[in-house]
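If you want the building blocks of each chain, they are given just below.
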Amino acid sequence: MSRRLRAFVRWMKSQGFQWTDGMEFVDSSEGGGGAVSVKAVRDLREGEAVAAIPKAACLTVKNSGACELIESADLGGFLGLSVALMFEKGLGESSPWAGYLQLLPESECIPLLWTLDEVDRFLQGTELHKVKLLQTVKEDKGLVLEDWKENILPLVHQLPSNVNAKCFGVEQYFAAKSLVSSRAFEIDDYHGHGMVPLADFYQANMICRFNHKTGAEDVHFTSVPSSHSDDDDDDDDDAEEDSSISDLLNENKVDEEPSSELEGSAISLDDPMVLEMIMVKDVQHGAEIFNTYGLVGNAALLHRYGFAEPDNQFDIVNIDLELVLQWSSSLFTGRYSRARLSLWRNLDYSGCVSGESEYFEVSNDGEPQIELLVLLYIMLLPEEAYLRLDILVSTTATSKEDPISMYLSEKCSITQDKRSEISRDLLLTESVCEALLWLADKRDSLYNKSMKDDIEALQRCSVKEGKAYYSLLLRICERRILEKLRSYATVVAQSSQDMKRSCCTRKRLKRESSEQTQIDL
């Protein structure tokens, strides 16, 4: 065990932490300073309590020595917690959290801390580099700087003499902001958000990126409801956290449910002042124990935590509505495109909306969002069919039936009882598949380099080069989804052609058979 890890373990014992003898903490890098993982040293069973964390040991505004300073300045949410973190860092070894803080990195390598040149250079073409999102990064930086000037700088002159004022600089605030936004849990109504030592092992990038996965959860974090009450309503000071990609991100939240099935465990539970970590599935001896970041894609992981995963099943790529309209304008007039888009909206369809942007998701297996298929189908309808669908919209305004389903039912002779769901097969005409191929190629062109170049660059890159490495990983994962979209469209188009040929063959044989019968007669 490394020196820093031994210091942390001593600190946890002094604070009343409890943890099972069935797991151990491992500092995986030589000499410490790298990733810390948690491994099972015996079989761990579902429902077993593996750790108990006193709420008093969590770094929160209420627990911090800066509580009075923060509350007098009326700072709440992540802003207040960031001040508490900087304050305790400024105390150095005299901080009650010194044993915990020495294990934390200076900051998380999230794009908020990158220069605008680095954002532009590393994230070219990705979901994090679109013009509006790039503007969001600029705005986020501006908001954080404004926060520092308006709320942090005035506090420097009020700091006690034993607090290092250098820990309240603008760079230190950005760093604290990155740690808080990537690690903080919502503890309870009294404490609000806080840094939860030990839970960080499942939450941090530099500390424990290797034992925290998307959608892979072995251990669950719960809290017995607190008996504290507080009449002060928390101000929503961290509203700036909700940028135009905030819908991609999941907040960390402790489930406030007591675990009744753990009675008799060696670890004392049912204490409202304690947070619990409980196994949600069996883990075998020698295996690493994982928590989960939630069901989020690589763009969200990189934006909030500073890394990406090579095989993230929740990864997605977005196709902007603006790109779809660009495709439409290459074939049709602007008036034509606007009319078809209007009909699509009248059918009560829309894409995903984030800020001022509207887009369609392509899942990790390359399957496009159904709303995109409906829009492409409507854009490509012959005029007569378009007018028929438009009439259906008008005549079924008070009906519960979907006009597009009714239209497809009429066209394909589908019976009433099979109308309930739109079949993708009916929407995926050959021309719709060609449109998907156009969109995939156009979206891929935003990266400005070939896939081969990106793969070779990643092979030359070290994981220690975090910005370049994880940006390349994000690019490659997104482009592989676009490759799957191309395959999806190509296979369906080929199948459609085969069906047409088969249908033509059957018609020809039927006609020849009929002609032969007439000759025989």
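One structure accompanies this document, and this report is about it. No experiment lies behind these values; they were computed from the predicted model shown.

Of the regular secondary structure elements, the protein holds 17 helices and 14 strands. For the protein, buried positions account for 50% of its 521 residues. Considering only contacts within the protein whose residues lie at least 6 apart along the sequence, 74% involve residues at least 24 apart. Surface summary for the protein: the accessible area is close to 25200 Å², and the carbon and sulfur share equals 49%.

Moving on: the side chain of serine 471. Within the secondary structure layout, serine 471 lies in helix α17 (residues 466-520). Among the polar contacts made by the side chain of serine 471, one reaches the main-chain carbonyl oxygen of lysine 467 at a distance of 2.6 Å. Other than its neighbours up to four places away in sequence, serine 471 contacts Trp114, Phe122, Leu123, Leu302 and Gly466.

Quick look at the sheet that holds strand β7 (residues 192-195) now. What the three strands build is an open sheet, ordered β5-β7-β6; its pairing is antiparallel. On the outer flanks of this sheet lie β5 (59-60) and β6 (185-188), each paired with one strand and no other. Inspection of the sheet shows β5 paired to β7 by two bridges, in the antiparallel sense. Bridge pairing in β7 places leucine 59 opposite methionine 195.

Scanning the model with the defined rule gives 10 aromatic pairs in all. A centroid spacing of 6.0 Å and a plane angle of 20 degrees characterise the contact between phenylalanine 8 and tryptophan 11, whose relative ring orientation is stacked. Placement of both phenylalanine 8 and tryptophan 11 in helix α1 (residues 3-14) is noted, with a separation of three residues, approximately one turn of the helix. The burial state of phenylalanine 8 is the same as that of tryptophan 11; both residues are buried. Note on tryptophan 19 and phenylalanine 25: the rings are 5.8 Å apart at their centroids and 55 degrees apart in plane angle, and the pair reads as tilted. Here tryptophan 19 falls in the partly exposed class, since its relative accessible area comes to 22%.

A few words now on unusual backbone geometry. Of note in the backbone geometry, leucine 198 takes a positive phi value of approximately 80 degrees without being a glycine. Mapped onto the fold, leucine 198 is located in the loop between β7 and β8 (212-213). The backbone phi angle of asparagine 448 is positive, close to 65 degrees, even though this residue is not glycine. Residue position: asparagine 448 is located in the loop between α15 (430-444) and α16 (451-460). The exposure class assigned to asparagine 448 is exposed, which follows from its relative accessible area of 59%.

Two numbers describe how helix α9 (residues 321-329) lies on helix α10 (residues 334-346): the axes approach to 10 Å, and their chain directions differ by 135 degrees. In terms of their interaxial angle, α9 and α10 are classed as oblique. When α9 is examined against α10, the residues Leu321, Leu325, Ser328 and Ser329 are found in contact with a partner set consisting of Ser337, Leu341 and Arg345. Broken down by class, the residue content of the contact of α9 with α10 amounts to three nonpolar, three polar and one charged.

One pass over the structure, following the stated rule, counts 19 salt bridges. Note that lysine 62 and glutamate 71 form a salt bridge whose closest N and O atoms lie 2.9 Å from each other. The exposure class assigned to lysine 62 is partly exposed, which follows from its relative accessible area of 22%. Given the relative accessible area of 39%, glutamate 71 is considered partly exposed. Between arginine 340 and glutamate 383 there is a salt bridge; the shortest N-O distance is 3.2 Å. In this pair, arginine 340 is assigned in helix α10 and glutamate 383 in helix α12 (residues 383-395), connecting sequence segments 43 residues apart. Residue classification places arginine 340 among the buried residues on the basis of a relative accessible area of 1%.

Rules behind the numbers
Residues numbered from 1 in each chain as written. Predicted model: local features only at pLDDT ≥ 70, side-chain atom pairs only at ≥ 80, totals over all residues. Heavy atoms only, no water. Helix = DSSP H or I, 4+ residues; strand = E, 2+ residues; numbered from the N terminus. Buried < 20%, exposed > 50% of the residue type's maximum accessible area, 1.4 Å probe, protein only. Contact = heavy atoms within 4.5 Å. Areas by Shrake-Rupley, 256 points an atom, 1.4 Å probe, with all protein chains shown as cover. Polar contact = N/O pair within 3.5 Å; in protein donor to acceptor, adjacent residues only side chain to side chain. Pairing = 2+ DSSP bridges. Phe/Tyr/Trp six-rings, centres within 6.5 Å; stacked < 30°, edge-to-face > 60°. Axes fitted to C-alpha atoms, helices over the stretch in contact; angles between N-to-C directions. Parallel < 35°, antiparallel > 145°, perpendicular 65-115°, else oblique. Nonpolar A, V, L, I, M, F, W, Y, C, P; charged D, E, K, R; others polar. Salt bridge = Lys/Arg side-chain N within 4 Å of Asp/Glu carboxyl O.

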